[in-house]
Amino acid sequence: MGMRVTNEQAETAAAACVASVMDRYGGADVVATVEHHSNDFKMPFVRIHAPPQHWVALAKTLRFDLGANYCSMVTGTHFPDGGEDRGWDVVYHLMRQPVTNQKPHTNTVHVAEKLTGNDIPLEFEVIITLPQTDVPSVPSVQSIWVGADWNEKETWDLVGIKFEGHENMHRVLNPHDSPEGFHPLQKQHKIRYHDFNEMYDDAQGFGRKPTDEGRVK
Amino acid sequence: MAQMWITMGPQHPMTHGLWTLRVKVDGETVVDTDAELGYIHRGVEKIAEARDFTQITPYCDRLCYVSAMTWANSYIYAAEDLLEVDVPERAEYIRLISAECQRLASHLMWLGAYGPDIGSLTLMTWCMRDREMFLDLLQELGGSRMHYNYPRVGGVKRDIPVGFADRLIAKVKLFEKRIEEYEMMLDESTIWLVRLQGVGYAKAEDMVNAGVSGPNIRAAGVNYDVRWAHPYSVYDQVDWEPAVEKPTSVKGADCYDRYRVRMEEMRQSCRMILDAIEKIPGGKNTNYASGDAMILAKAPTRAPEGATGFSHYECTRGASQFYIKGGGDGRGKNPYRLSIRSPMFITIPYVAKTMIGYKVADIPAIMGSFDPCIGETDR
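Residues numbered from 1 in each chain as written. Chains lettered and ligands numbered in written order. Predicted model: local features only at pLDDT ≥ 70, side-chain atom pairs only at ≥ 80, totals over all residues.

Break down the interface of chain A and chain B for me, with residues and values.
Every contact between the two is made by 50 residues of chain A and, on the other side, 60 residues of chain B. Among the elements of the structure, strand E3 (70–78) and strand E4 (88–96) of chain A are those that each provide at least two residues to the side of chain A that touches chain B. Among the elements that line the side of chain A that touches chain B, the one with the most residues is E3 of chain A, at six residues. Of the residues in the side of chain A that touches chain B, the class split is 25 nonpolar, 21 polar and four charged. (Contact = placed C-beta atoms within 7 Å. Helix = DSSP H or I, 4+ residues; strand = E, 2+ residues; numbered from the N terminus. Nonpolar A, V, L, I, M, F, W, Y, C, P; charged D, E, K, R; others polar.)

See below:
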């Protein structure tokens, strides 16, 4: 039979991480909670709201004390209608993976049910909310996780979040000669037929015109 | 000796797609590398903001044209997290079987493409022959050979056809024997060993730190697998264990370990499929009508603002992830933001750096052993 990490294990691990984060950063506007996915197994994960000025310190704690050794995804989002306090957010998804270097001719075969402490795989979601601004910026964690390097490049390229301290920032998915300040996932850029009703009404494309004129590009 | 930059790609056979590897060489030795991606960036994340949750599935199929089913499933699990849907167990079994068939087809495509990289052109024809069996099976489910659009939010599009189970079992049992044929041909082949052993070392901790995942990690000696670490579907109910290798050097896994772990993974997929088809609730030879509660749960079509959905998924090339924010256009019918984490987008820059110190002739062997796919890389 296959194995899996049980909810109790993940629950214990998540609670321990939340307690540890709140103990150190609770006074500094950092809020950590245990949340649950709503599909399948209702697995718990750790959600942390952090202000940008504490992000690097928090990242070091997560990486070196709580074992989040894997920076899997960085998501930037633009909220033009989000109000004064919430113009952008950056979400880091981190994972804890029980992976270590192996001696020659040996391997580690984990049995999920028997993992304890910092070996239990766990998911962290760190949300950094930024105020309404034209130049959103977050400190880079490129030096803490190598994996954050290209994720941050992509987030700057597509969303336009500036990562302070990121070395060798350049376009990765857009062409290298894209105009400065062009970040296609910002919400002022509309794709044609953005409104789905418009798309259905003109499924044949008869009403299609070169409507790029006057649009913000 | 003078150093110079060589551009490999975007049309080089080593790339397995469209991207450029710029290599700085000193004689025959690689001293620096630089990866350039984005040649087939299609803006799926932006397009998804103008589509409702069902319409996004075909775009996710096309993220990776070699393993469409796993990518569509990966998206569907995130959408189900967002929309709070419980999936019927029969549908989960069908998804598991379809995803594992796709894994076999994808690994065969990898092996078939890797053979010519090394110089064994025969391998391509062998692998294409066997891959066809699994494409036929997937075609029975989804109706098309490569892009199936098969999973739905809350279940699957249609039930397995009558007779599918028998054909599946026969083909998987045949393929289990074929894996042995491949191993007889390759495992001790001198060319294979000379080109693969001692090349492209990668340590487990370095790879995790750099964001590499999936079979490449397991080749380095740790059985970490999303299917048990962040469980989804019914992998805890079927008989399997993650494939894992014993690397032979302190320097980590070499190309040969990565080849071995994928062969073992194919064997595990076969084992999983054969077990799952027997355990499927409702019976393997029944065929429920489309939309039956056994295979499709009712799902809401709108997600409120502030709701988020997230999925981990063990794709064929590593861990893929989707992150969806609800509350977009059409009063929540569209996602506000859909973010895709592609395992290969992170892996390719890492692999480019691991080539430093090896010879130019080793580049195809190293790159191919990590199984790059550019469709998902560029999105």
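Residues and numbers for the sheet that holds strand E7 (residues 318–325) of chain B, please.
Whether parallel or antiparallel, the strands of a sheet pair through hydrogen bonds between backbone atoms. Residues and elements named next belong to chain B. Taken in spatial order, the three strands of this open sheet run E6-E7-E8, and their pairing is antiparallel. The sheet is open, and its two borders are formed by strand E6 (308–315) and strand E8 (337–341), each paired with just one other strand. Each adjacent strand pair in this sheet contributes to an overall mean axis angle of 10°, direction not counted. Note that E7 and E8 share five bridges and pair antiparallel. Bridged to Tyr323 within E8 is Ser339. Its contacts with the sheet put helix H3 (residues 68–83) on E6 and E7, and the angle it makes with E6 is roughly 155°. (Pairing = 2+ DSSP bridges. Axes fitted to C-alpha atoms, helices over the stretch in contact; angles between N-to-C directions.)

Could you give an account of the sheet that holds strand E5 (residues 122–130) of chain A, with specific residues and numbers?
All names here are of chain A. Here five strands make up an open sheet; going across it, the order is E1-E2-E5-E4-E3 and the pairing mixed. With one partner strand each, in any of the chains shown, strand E1 (31–36) and E3 form the two edges of the open sheet. On average, each strand axis in the sheet is tilted by 20° relative to the strand beside it, whichever way the strands run. Bridging between E4 and E5 involves nine bridges; their strand directions are antiparallel. Across the sheet, the residue bridging to Leu94 is Phe124, located in E5.

Provide a residue-level description of unusual backbone geometry, including the pertinent values.
One non-glycine residue, Asn168 of chain A, adopts positive backbone phi at about 60°. Within the element layout of this structure, Asn168 of chain A appears in the loop between strand E7 (162–164) and helix H4 (196–201). Taking the C-beta count within 10 Å as the criterion, Asn168 of chain A has 8 such neighbours and is therefore assigned exposed. Located in the positive-phi region is Ser233 of chain B, a residue other than glycine, with phi close to 55°. With respect to the helices and strands, the residue Ser233 of chain B is situated in the loop between helix H10 (226–229) and helix H11 (255–279). On the neighbour-count criterion, Ser233 of chain B (23 C-beta atoms within 10 Å) is buried. (Buried ≥ 20, exposed ≤ 12 C-beta atoms within 10 Å, placed from the backbone.)

Summarise the environment of Glu11 of chain A; cite the residues concerned and give the values.
As for its placement among the helices and strands, Glu11 of chain A is situated in helix H1 (residues 7–25). With 34 residues separating them in the primary sequence, Glu11 of chain A and Phe45 of chain A have C-alpha atoms 8.0 Å apart.

Function cannot be read off these values alone, since they describe shape.
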